[in-house]
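# Close look at the chain arrangement
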Amino acid sequence: MGTSLTPEFWRLFAVLLVISMAVTFVLSAALDALALRAQRRHIRRRPTATRTTEASRRPVRPLVRH
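The rules behind the values
Residues numbered from 1 in each chain as written. Predicted model: local features only at pLDDT ≥ 70, side-chain atom pairs only at ≥ 80, totals over all residues. Heavy atoms only, no water. Helix = DSSP H or I, 4+ residues; strand = E, 2+ residues; numbered from the N terminus. Buried < 20%, exposed > 50% of the residue type's maximum accessible area, 1.4 Å probe, protein only. Areas by Shrake-Rupley, 256 points an atom, 1.4 Å probe, with all protein chains shown as cover. Phe/Tyr/Trp six-rings, centres within 6.5 Å; stacked < 30°, edge-to-face > 60°. UniProt positions renumbered as here; feature names shortened; annotations may be inferred. Patch = residues over 30% accessible without salt bridge, like charges linked within 9 Å, V, L, I, M, F, W, Y side chains within 5 Å. Salt bridge = Lys/Arg side-chain N within 4 Å of Asp/Glu carboxyl O.

Scanning the chain for helices and strands turns up 2 helices and 0 strands. Relative to its full complement of 66 residues, the chain shows a buried share of 0%. For the chain, the computed accessible surface area is about 7,100 Å², with 65% contributed by carbon and sulfur atoms.

Given below as structure tokens:
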């Protein structure tokens, strides 16, 4: 006994599909924005002692006296 899928089913299916796609899109955009904000906040909070400066990259030359 096979049942045929009615036009009402297809309309409901299309509506639910569009709603689920919209929810997925909005949710992924929101989570992406939160992850980016957390990443930027983490970069800003790094201690300045770990950052290398121009002076620390230059080799130290010993003073030569003649």
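Next comes the rest of the write-up.
Here the focus is the packing of aromatic side chains. Enumeration over the complete set of coordinates arrives at 3 aromatic pairs. Aromatic pair Phe 9 and Trp 10: ring centres 5.1 Å apart, planes at 75°, arrangement edge-to-face. Using a relative accessible area of 35% as the deciding quantity, one classes Phe 9 as partly exposed. The class of Trp 10 is partly exposed, set by a relative accessible area of 44%. Ring geometry for Phe 9 and Phe 13: centres 6.2 Å apart, planes at 20°, overall stacked.

Now for the UniProt feature "transmembrane region" (unreviewed entry) in the chain. This chain's UniProt record puts "transmembrane region" (unreviewed entry) on residues 12–36. Between the C-alpha atoms that bound residues 12–36 there is a distance of 36 Å. The span itself is 100% helix and 0% strand.

Here the focus is a nonpolar patch on the surface. On the surface, Leu 5, Phe 9, Trp 10, Phe 13, Leu 17 and Met 21 cluster together to form a nonpolar patch covering roughly 620 Å² of accessible area. Mapped onto the elements of the fold, Phe 13 is located in helix H1 (residues 7–44).

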